[in-house]
Amino acid sequence: MNGGIVVLSYRRRIVMAGLLLTDLIDVTLLQKIQDEFSHYTGMAALTTDAEGKPLTKGSAFTDFCMKYTRQSELGLKRCMLSDKNAAVTALESGKPVVYVCHAGMADFASPIMLGDKLIGCFLGGQVRISSKIDEEALKATAKEYGIEYESYYEAMKNTNATSKKELEKAAKFLGIIANVLSEMAYQNYMAIDKYKNLERAARSQSHFLMDLSSDLHANMSEWIASLEESVKSGNVESVMDVIDTMLTNGTTTYSIIGDIVDYMKFSNGNVALYESRYSIRDVVETVLELEREEAGQKKITLTYEIDDEVPQFLLGDGGRIGQMLAKIISNEVSVKDIFGEETSIHVAVSAKKESYAHILEIKVCDCGKMLSEEAFYAGLK
């Protein structure tokens, strides 16, 4: 017989809405960092989203890029595509990338990440590596974009020329800044995720208390009405029948009140656990059997699997484990009633040896179709 440490996990398959870079870092801060970088290096800079769309105003942008190239519809489209491709290339290489854009200017890019997901890109450059301008290539670009060539040529002449070494030095510096922004985005994401979990828990608690209160009120109202009607009729047998019903159903009311008390204990962190010998197999089978009739009426299949590594008997609070498992499955069955979904709920139990005891893990998996967070909470209203 083994002692048992229980980890009860519950996985609901809900699609979370994606976050944008500007949801994680204020655009004003992005602009300030970008402006300072541009001031320090003397090069243009821009911050974009994962698709290459600008999120900030260009810092020290040249007339060649801002007044001419990006004013062309095709030119702007090519700029955004070029920025996006540069970010992807930098992501794949794991370091800032230096490249020549579609208009012939030297640029560099470094991705801004959220974990392993690209959420933006920090761009710099708009300089020439060579002091000599390829006039034939520039004429072709001007014609394609519908830009007057002489003005376009003068604008390129006014851009700064730099060495490849200086360009790579600036790119390295930009990479350091992008890494800092990535870390900021991650920390802010964790803070937002924690807030959402707290908010979601608060909403779940509110629904839980409302359901308990509603059940209790419904039972009491029904009993009182029945008893009043029987008393008015003067029929002793009828009164006795109502009293018998009240005594029989009193177990349900007692359970509801117990749930409220347990909930308050959980909320305040005052949970008393009682250690005794129990079989997790018996606990799971009993819980599923209690829910199987209602689940069957809603075309929900309840299944379970217990790993061979799970000991036959454990020491712990089997009653509390069963109570938590029953509440989770009961809630799931109620949700499926809302969405009218033919599906299954699967309970998986596993264990691993840890020092003197076993860590017991119980997973409840909703095997239905994926629901958006908005759709799930809309269904609870």
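Engineer: Before we move on, could you go through the overall build of the chain and cite the residues and values that matter?
Structural biologist: Regarding its fold elements, the chain presents 11 helices and 12 strands. Here the chain, with 381 residues, has 38% of them falling under the buried criterion. As displayed, the chain offers around 22,000 Å² of accessible surface, 54% of which is attributable to carbon and sulfur atoms.

Engineer: Before we move on, could you go through the environment of Lys299 and cite the residues and values that matter?
Structural biologist: With respect to the helices, strands and loops of the structure, Lys299 is situated in the loop between α9 (280-297) and β8 (300-306). When the C-alpha atoms of Lys299 and Thr343 are compared, they prove to be 6.9 Å apart, with 44 residues separating the residues in sequence.

Engineer: Lay out unusual backbone geometry in plain terms, naming residues and giving numbers.
Structural biologist: For Ala60, which is not glycine, the phi torsion reads 55° and is therefore positive. For Ala60, the position within the fold is in the loop between β3 (44-49) and α3 (63-68).

Engineer: Give a description of the sheet that holds strand β5 (residues 106-114) that names residues and reports values.
Structural biologist: The sheet built from four strands is open, its strands ordered β3-β6-β5-β4 with antiparallel pairing. This sheet does not close on itself; its edge strands, each paired only once, are β3 and β4 (97-100). Within this sheet the neighbouring strands show an average axis-to-axis angle of 25°, counted without direction. Most of the contacts of helix α2 (residues 27-41) go to β3, to which it runs at about 150°, and overall it touches β3, β5 and β6 (117-127). Of the strands in this sheet, β3, β4, β5 and β6 are in contact with helix α4 (residues 73-93), which crosses β5 at around 65°.

Engineer: Which residues make up the pairing of strand β11 (residues 357-366), and what are the values?
Structural biologist: Within β11, seven of the 10 residues are buried, which leaves it mostly tucked inside the rest of the structure. Across 10 bridges, strand β10 (residues 343-354) lies against β11 in antiparallel orientation. Bridge pairing links Ile345 to Asp366 in β11. Between β10 and β11, which follow one another and run antiparallel, lie two residues, and Ser355 among them has a positive phi close to 55°.

Engineer: Go over the pattern of salt bridges, please, and point to the residues and values.
Structural biologist: On inspection of all chains with the given rule, the structure shows six salt bridges. Across the pair Glu289 and Arg292 runs a salt bridge, and its minimum N-O distance is 3.1 Å. Of this pair, Glu289 and Arg292 both sit in helix α9, three residues apart, roughly one helical turn. Exposure remark for Glu289: the relative accessible area of 53% places this residue in the exposed category. Using a relative accessible area of 33% as the deciding quantity, one classes Arg292 as partly exposed.

Engineer: Tell me about the packing of helix α5 (residues 135-145) against helix α6 (residues 149-157), and please be specific about residues and values.
Structural biologist: A packed helix pair is summarised by two numbers, namely the angle formed by the two axes and the spacing between the axes. At a minimum axis separation of 10 Å, α5 and α6 run at an interaxial angle of 125°. One element, α5, and the other, α6, form an angle in the oblique class. Crossing handedness for the pair α5 and α6: right-handed. Between α5, through Glu135, Leu138, Lys139, Thr141, Ala142 and Tyr145, and α6, the contact on the second element is made entirely by Tyr149, Tyr152, Tyr153 and Met156. Here the residues of the contact of α5 with α6 sort into seven nonpolar, one polar and two charged.

Engineer: Can you break down the confidence of the model for the chain residue by residue, with the values?
Structural biologist: Within the chain, residue pLDDT values average 77, and 71% of them lie at 70 or more. Predicted confidence in the chain is weakest over strand β2 (residues 14-15), with a mean pLDDT of 30, and strongest over α5, with 92. When the criterion is pLDDT under 50, residues 1-17 qualifies, and its contacts beyond four places in sequence or with other chains add up to 63 contacts. The model gives residues 376-381 a pLDDT under 50, and that stretch makes 12 contacts with residues more than four places away or in other chains.

Engineer: Before we move on, could you go through α2 and cite the residues and values that matter?
Structural biologist: Across its 15 residues, α2 extends 21 Å between first and last C-alpha, which sits within 8% of the 21 Å expected from 1.5 Å per residue. Taken together, the buried positions of α2 are occupied by Leu30, Gln31, Gln34, Phe37 and Ser38. End-on, the buried residues of α2 take up no more than an arc of 130°, which puts them together on one face. Exposed positions of α2 whose direction lies more than 90 degrees from the buried face are Thr28, Lys32, His39 and Tyr40. A positive phi of about 75° marks Gly42, the residue just after α2.

Engineer: Help me get a handle on α9, residues and values and all.
Structural biologist: Here α9 is 18 residues long and its end C-alpha atoms lie 26 Å apart, about the 26 Å a rise of 1.5 Å per residue gives. Remark: the principal bend of α9, roughly 45°, maps to Glu291. The set of residues buried in α9 consists of Ile280, Arg281, Val283, Val284, Val287, Leu288, Glu291 and Ala295. Phi turns positive, to about 60°, at Lys299, one or two residues after α9.

Reading the values: rules and limits
- Residues numbered from 1 in each chain as written.
- Predicted model: local features only at pLDDT ≥ 70, side-chain atom pairs only at ≥ 80, totals over all residues.
- Heavy atoms only, no water.
- Helix = DSSP H or I, 4+ residues; strand = E, 2+ residues; numbered from the N terminus.
- Buried < 20%, exposed > 50% of the residue type's maximum accessible area, 1.4 Å probe, protein only.
- Areas by Shrake-Rupley, 256 points an atom, 1.4 Å probe, with all protein chains shown as cover.
- Pairing = 2+ DSSP bridges.
- Axes fitted to C-alpha atoms, helices over the stretch in contact; angles between N-to-C directions.
- Contact = heavy atoms within 4.5 Å.
- Salt bridge = Lys/Arg side-chain N within 4 Å of Asp/Glu carboxyl O.
- Parallel < 35°, antiparallel > 145°, perpendicular 65-115°, else oblique.
- Left-handed = near helix turned anticlockwise from the far one by under 90°.
- Nonpolar A, V, L, I, M, F, W, Y, C, P; charged D, E, K, R; others polar.
- pLDDT = per-residue confidence, 0-100.
- Expected span 1.5 Å × (residues − 1).
- Arc of directions from axis to C-beta.
- Bend = angle between axes of the 7 residues up to and from the residue.

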